[in-house]
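# Results of the structural survey
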Amino acid sequence: MKNKIVARVILAGFCVLLVSCNTKKEENVEIDLKQVKKEIQAKENEYAATYNAGQLKEIGYYAEDAITFYQNRPPITDKDARYKFLESDLANNTNVISFETKEVFVSNDGKMVVEVGYYKVTDSTNTPINTGNYMSLFEKRDGKYVCLRDMSASDGLTE
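These notes cover the structure that comes with them. Note that the coordinates shown come from a computational prediction; the quantities given were computed from them, not determined experimentally. Within each chain, residue numbers correspond to sequence positions counted from 1 in written order. At least 70 in pLDDT is required for a residue's local features to be given in this predicted model, at least 80 for side-chain atom pairs to be given and counted, and no such filter applies to totals for whole chains, interfaces and linings, which use all residues. Computation of side-chain values covers all heavy atoms of the structure but excludes hydrogens and water.

### Some words on the packing of aromatic side chains
- Pairing of aromatic side chains requires ring centres within 6.5 Å, counting the rings of Phe and Tyr and the six-membered ring of Trp. Pairs whose planes differ by under 30 degrees are stacked, by over 60 edge-to-face, and all others tilted. For the structure shown, the criterion picks out eight aromatic pairs.
- Here the aromatic rings of Tyr61 and Tyr62 are separated by 4.9 Å at their centres, their planes lie at 80°, and the arrangement is edge-to-face.
- When the ring of Phe99 is compared with that of Tyr134, the centres are 5.7 Å apart and the planes differ by 85°; the resulting orientation is edge-to-face. Here the residue Phe99 occupies a position in strand β2 (residues 96-106), and Tyr134 occupies one in strand β4 (residues 128-141), the gap between them amounting to 35 residues.
- Ring pairing ties together the aromatic residues Tyr47, Tyr51, Tyr61, Tyr62, Phe99, Tyr134 and Phe138, which thus form one cluster.
- Counting as a charge over the ring demands two things of the Lys NZ or Arg CZ atom: a distance within 6 Å of the ring centre and an angle within 35 degrees of the ring normal. Note that Arg82 overlies the ring of Tyr62, its terminal NZ or CZ placed 4.3 Å from the centroid. Each helix is a run of DSSP H or I of at least 4 residues and each strand a run of E of at least 2, with the numbering of both proceeding from the N terminus.

Here is the structure:
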């Protein structure tokens, strides 16, 4: 009986040792915030150029499972709905949009980024007609950041 108790205690101790040795430690990856901000700004510039040129099918900004939150409407939860929304928006105007990345908040492993930015919409005479702020959540997939969630809020002011 004593041997069975000793064997169980040794087995339990071995299991505890095994679990504690296999605990995955969080990786500390050195993050270059300036580089991440530059990458995100490049994504925003590409989005604006593609949108302003009316080449909506070529916007590679969003992940397949992205959700977009615009003011005064339900969330846009799929690629086709997003395309239809952007297409209807372009059909009714000749405005030009631009984005400026103000801040980025990067996860410890560099895979997730929250961006805080500023947008401006100008008319054909380059007069601002809408300005505001936005937040976007990016995830690095296949070596590139893609937008998973974004939302914007107009400040109702022009410059």
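### Some details on helix α3 (residues 79-91)
- Under the convention used throughout, the expected extent of a helix is 1.5 Å for every residue step, that is, one less than its residue count. Between the first and last C-alpha of α3 there are 18 Å, a value that for 13 residues agrees with the 18 Å anticipated at 1.5 Å per step.
- Restricting attention to buried positions, one finds in α3 the residues Arg82, Phe85, Leu86 and Leu90. One side of α3 carries all its buried residues, which in axial view fall inside an arc of 130°. What points out from α3, more than 90 degrees from its buried face, is the exposed set Asp80, Lys84 and Ala91.
- In what follows, a contact means two residues having at least one pair of non-hydrogen atoms within 4.5 Å. Those residues of α3 that are buried lie in contact with α2 (33-52) and β1 (62-69).
- The N-cap of α3, judged by a side-chain oxygen 3.1 Å from the amide nitrogen of Asp80 a few residues on, is Asp78. Three exposure classes are used, based on accessible area relative to the maximum for each residue type with a 1.4 Å probe and protein chains only: buried under 20%, partly exposed in between, and exposed over 50%. Our arc is simply the arc of the directions from the helix axis toward the C-beta atoms. Two N or O atoms form a polar contact when they lie within 3.5 Å of each other; inside protein one atom must be a possible hydrogen donor and the other a possible acceptor, and for residues adjacent in sequence the pair counts only when both atoms belong to side chains.

### Focus: the environment of Glu46
- For Glu46, the location among the structural elements is in helix α2.
- Between the C-alpha atom of Glu46 and that of Phe99, which follows or precedes it by 53 residues, the distance is 9.9 Å.

### Description of unusual backbone geometry
- Despite not being glycine, Asn72 has its phi angle at roughly 60°, a positive value.
- Residue placement: Asn72 occurs in the loop between β1 and α3.
- Phi angles above zero are rare outside glycine, and Asn126 is one such case at about 70°.
- Its location among the elements puts Asn126 in the loop between β3 (112-122) and β4.

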